[in-house]
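Structural overview for review
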Amino acid sequence: MRARTLAISLGLLLALGSGQREPYAEVLDPEEAPEREDLLPSGACRRVTSCKECILSHPRCAWCKQLNFTALNEAEDRRCAQRQELLARGCPPEELEEPRGRQEVLQDEPLGHQGATQLAPQNVRLQMRLGETQRLRVRFRRVEGYPVDLYYLMDLSYSMKDDLERVRQLGHSLLNQLRRVTSSVRIGFGSFVDKTVLPFVSTVPSKLQHPCPKKGECQPPFSFRHVLPLTDNASAFKHKVEQQNISGNLDSPEGGFDAILQAALCQEQIGWRNVSRLLVFTSDDTFHTAGDGKLGGIFMPSDGRCHLDADGFYSRSGDFDYPSVGQVAHALSTANIQPIFAVTSPTLPIYQELSKLIPKSAVGELKEDSSNVVQLIMEAYNSLSSSVTLEHSQAPPGIHISYESQCKDTEIRKDTGTQGQCNQVLINQTVNFWVNIRATECLSGPHLLKLKALGFSEELSLELNTLCDCNCSDVQLQAPYCNGVHGDLECGVCSCATGRVGPRCECSEAELSLPNSGCRPSNGTGPLCSGKGQCHCGRCSCSGQSSGDFCECDNAGCERHEGILCAGFGQCVCGVCHCDANHTGPACECSKDTSKCMSQNGVCNGHGSCHCNQCRCLEGYYGIQCDQCPGCKTPCEKHRDCAECEAFETGPLASNCSLACAHVNVTMSPTPLLDDGWCKERTVDNQLLFFLVENEADGRVVLRVRPREKGADHTQAIVLGCIGGIVAVGLGFILAYRLMVEIYDRREFHRFEKERRQLNWNQDDNPLYKSAVTTTINPQYQSQNEGSSG
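Quick look at the structure, then. The residue numbering used here restarts from 1 in each chain and proceeds along that chain's sequence as written. Totals for whole chains, interfaces and linings use every residue, but because this is a predicted model, local features are given only for residues with pLDDT of at least 70 and side-chain atom pairs only at 80 or more, for both listing and counting. Hydrogens and water are ignored here; the side-chain numbers use all heavy atoms of the structure.

Let's shift gears to the overall build of the chain. Secondary structure assignment for the chain yields 18 helices and 43 strands. A buried classification covers 40% of the 790 residues belonging to the chain. In the chain, the share of contacts with a sequence separation of at least 24, taken over all contacts with a separation of at least 6, comes to 61%. Only the protein chains shown count as cover for residues, with accessible areas throughout obtained via the Shrake-Rupley method and a probe of 1.4 Å. For the chain, the accessible surface area stands at approximately 44300 Å², while carbon and sulfur atoms represent 51% of it. In this description a helix means any DSSP run of H or I spanning at least four residues, a strand means any run of E spanning at least two, and both kinds are numbered starting from the N terminus. Exposed residues in this analysis have more than 50% of their type's maximum accessible area, buried residues have under 20%, and partly exposed residues fall in between, with area computed by a 1.4 Å probe over protein chains only. Only heavy atoms matter for contacts: two residues are in contact if any of them lie within 4.5 Å across the pair.

Right, let's talk about the packing of aromatic side chains for a bit. Pairing of aromatic side chains requires ring centres within 6.5 Å, counting the rings of Phe and Tyr and the six-membered ring of Trp. Pairs whose planes differ by under 30 degrees are stacked, by over 60 edge-to-face, and all others tilted. In this structure the tally under the stated criterion is 13 aromatic pairs. Centroid distance Phe200 to Tyr322: 5.6 Å. Interplanar angle 85 degrees. Geometry classified as edge-to-face. On the criterion of sequence distance, the pair formed by Phe200 in the loop between β10 (185–192) and α7 (205–209) and Tyr322 in the loop between β12 (276–283) and α11 (325–334) is long-range, its members being 122 residues apart. An aromatic cluster is present here, built from Phe192, Phe257, Phe281, Phe287, Phe341 and Tyr351 joined pairwise through their rings. Each ring is checked for a lysine NZ or an arginine CZ that lies within 6 Å of its centre and within 35 degrees of its normal; such an atom marks a charge sitting over the ring. The residue whose ring lies beneath Arg706 is Phe690, and the NZ or CZ to ring-centre distance is 5.5 Å.

Another aspect to go through is the sheet that holds strand β18 (residues 420–422). The criterion for strand pairing is that DSSP finds at least two bridges linking the strands in question. Strand order in the open sheet formed by six strands is β5-β7-β21-β20-β15-β18, with mixed pairing between adjacent strands. Strands with a single pairing partner mark the edges of an open sheet, and in this sheet they are β5 (102–107) and β18. This sheet shows a mean twist of 20 degrees between the axes of neighbouring strands, independent of strand direction. In this analysis an axis means a line fitted to C-alpha atoms, helices contributing only their contacting stretch, and an angle means the value between N-to-C directions, from 0 to 180 degrees.

A few words on the nonpolar core. Counting 39 residues, the largest nonpolar core has Leu150, Tyr152, Met154, Leu170, Leu174 and Phe189 as its most contacted members. If you tally residues by element for this core, the top one is helix α13 (residues 373–385), at eight residues. Met154 has contacts with Met160, Asp163, Leu164, Val167, Phe189, Gly190, Ser191, Phe192 and Thr282, leaving out every residue within four places of it along the chain. Nine residue types can take part in a nonpolar core, namely buried Ala, Val, Leu, Ile, Met, Phe, Trp, Tyr and Cys, and a core is a set of them joined through side-chain atoms within 4.5 Å. Judged by nonpolar contacts, the second largest core, of 33 residues, contains Val143, Tyr146, Tyr403 and Ile437.

This brings us to the state of the cysteines. Any two cysteine sulfur atoms lying within 2.5 Å of each other are counted as a disulfide. By the definition in use, this model includes 21 disulfides. Paired by a disulfide, Cys212 and Cys218 hold their sulfur atoms 1.4 Å apart. Disulfide Cys212-Cys218: the torsion about the S-S bond is -90 degrees, which places it as left-handed. Here Cys590 connects covalently by a disulfide to Cys612, the sulfurs 1.8 Å from one another. Residues Cys590 and Cys612 are joined through a disulfide that is left-handed, its torsion about the S-S bond being -110 degrees. Taken together, the residues Cys590 in strand β35 (residues 590–591) and Cys612 in the loop between β38 (608–611) and β39 (614–617) connect sequence positions 22 residues apart. On the accessibility criterion, Cys590 (10% relative accessible area) is buried.

Moving on to α13. Each helix should span, by expectation, one fewer than its residue count multiplied by 1.5 Å. Taking 1.5 Å as the rise per residue, α13 with 13 residues should run 18 Å; its terminal C-alpha atoms sit 18 Å apart, in good agreement. The set of residues buried in α13 consists of Val373, Val374, Leu376, Ile377, Met378, Ala380, Tyr381, Leu384 and Ser385. On the buried face of α13, the contacting elements are β9 (148–155), α6 (170–178), β12, β13 (337–343) and β14 (362–365).

A few words on the pattern of salt bridges. Note on definitions: salt bridges are taken to be side-chain nitrogens of Lys or Arg within 4 Å of carboxyl oxygens of Asp or Glu. Across all of its chains, the model carries 19 salt bridges by this definition. In this structure, the salt-bridge partner of Glu463 is Arg125, at a minimum N-O distance of 3.4 Å. Residue Glu463 is found in strand β21 (residues 459–467), and its partner Arg125 is found in strand β7 (residues 123–129); the two are separated by 338 residues along the sequence. On the accessibility criterion, Arg125 (25% relative accessible area) is partly exposed.

In this section: the sheet that holds β10. In space, the six strands of this open sheet follow the order β11-β10-β9-β12-β13-β14, with mixed pairing throughout. A single partner strand is all that each edge strand has here, and the edge strands are β11 (224–231) and β14. In this sheet, neighbouring strand axes are inclined to one another by 15 degrees on average, regardless of whether the strands run parallel or antiparallel. Across five bridges, the pairing between β10 and β11 is antiparallel. Across the sheet, residue Phe192 finds its bridge partner in β11, namely Phe224. Packing of α6 onto the sheet brings it into contact with β9 and β10, and relative to β10 it is tilted by some 140 degrees.

For Arg89, the location among the structural elements is in the loop between α4 (83–88) and β4 (96–97). You can call Arg89 partly exposed: its relative accessible area is 28%. Between the C-alpha atom of Arg89 and that of Arg79, which follows or precedes it by ten residues, the distance is 10.0 Å. Once residues within four sequence positions are removed from consideration, Arg89 is found in contact with Phe69, Arg78 and Ala81.

A few words now on the pairing of β39. Here four bridges tie β38 to β39, and the two strands are oriented antiparallel to one another. When the sheet's bridge partners are listed, Cys610 is paired in β39 with Cys615.

Tracing the backbone through its elements, the reader meets Leu689 in strand β42 (residues 688–697). Between the C-alpha atom of Leu689 and that of Pro707, which follows or precedes it by 18 residues, the distance is 8.5 Å. Excluding residues that lie within four positions of it along the chain, Leu689 makes contacts with Arg640, Ala643, Glu644, Phe648, Cys679, Lys680, Glu681, Thr683 and Val705.

Written out as structure tokens, the structure is:
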């Protein structure tokens, strides 16, 4: 494969050096197709009876049209298989019928040709086989000075009065700015207010003529008016705009959607050229959309047609409802117009959400007096022109298209959705798009698909054709191979006349109706050939994986292991696996080999049995070779008692040490230091025992034991002493703390008592206090008492 890749690369270099163009299409070679396509499903090329059915079953199926390629008792679907399989079975390469998709570039003008070509190639014919993906390379180069048409669409409601004064001076400055980036630029003007029906505008006759507070300063309201076709004359723009006056309406939303739709549909009246088209939409409020017209008694949906009269007014505004967002987006996309929404800050979020629904659109914040409109337009233009979006027209059913983008010499990126996208593309920079096209249904005929970069005039015409039939050259009518007048030969197979059957039309149907036709057992009453084949002149031609005189054997119905028939180690014959010599089992899943069970200590370490080259461990053991046992003793625990009785004649085995430890040979170690491999065990009498297991093989164990140190073992006393000391120190700290707290509390209590005794309260009355009791004396009562007493 490496050699083949190198040869292809050298061929491309030679082609480029000789002046040939780069290939835009990646065509898959039949030999390389298996590496590029998905794995072929099992049985994908089976149960077909013709070449057409074969090539439609899977993109990697081929048909062998060689005469006598199938045996007499074989079905014709054996002709349908992968290319490698047919070649291995003896089919000559020239007898293979395997149509492959290909791409033919019909027109390919170089990028930058005549200073205007930005998209290449321009015309391609594509032949596709069902299920096969074709990759088409499309290149785009942004050229300098691409022509621009700009249509300025302004809201003339009363709130835009200050903005109109700015727009009247807009023509010269805007054209001068655009001429810095392109030498061919034209500008036009249109305006809008709202539908002239209640509740959008007042229908009082005097208000219709003078909708503003002051008479004479406003013109009557209207839906949309086309004022100035696209022109390169800045003076004409200024003259027309100076003639415009503000108008008025009742509600806040405006009829901008009506104006946008008519500007996109009336291309002849507007004067759009086949160049970059910009529509600048300026407003300080929101917009009416589909359904709002019902408030004014308008129920008929917008018909999507141009309705401008001789004076440029939208004449049927009162007949049709406002268009929907989808209608506006579709009209702008179809006309290849890029809208720029220049709106004030209160409505900016609404138009930002609207921009997400309209391809290749931009939004900018407009100052209250439109003083920044030229700067806003230039920024939006630069942003739109540096963004390249490749999309396609409506694809027919069964055609699936996806995109991959290569921007700024980076890796190829798979795009989501149905568009290819590259942003911040510089002038004279080339970007690549890979268009992946796959057909899943046959087309009735050639279908023309358009690929275009949004906002630019160039298009790629793509003619789609599907390969849904074979193109065999051996068609013979009344061929001798098919018994002359009884059949026609096509793609190596006979198409028999009415009443004739057989691989060569050699039998009549009348012969097959006889009881002993030979295609069922003599005492059988079931279907011919067990329903798994065809009866040809008294003999069964079995299909698929069936065999036998009556196709009674199913050679694909054997048991499977992990989804593989007979585990891949045997052959399925009539429903039974016939295993290889080294395998057994119903599905040949069991290997007779024991290599994975063997260990140094024998089969499965003596703790299990070998079954199908896998250890089956005894209870308590596990592991690949039954070498792990969580409940078993460690080697140190196992030999502790023998080491103690042999070395010191103590321990539980001291009474019969010679018998219980006859297999153990113990030597005393004079080395005082211990290595990591030494065992450290505690005996029954709580003594430490140090020993080393040096050898444990052939049933004999060699131990090296360290002599015990003289003197008593004070380990327990030391540990208990340490614990007691720690407890005593802790209790001392607790008592000291409690004593300090008690002393502090007593001192604070005595100070409180002393301060309380020394406190002298002031007994004077509060001057602000007033008694709640009031005493009143009757002066008459007092004088009478005094008189009586005299």
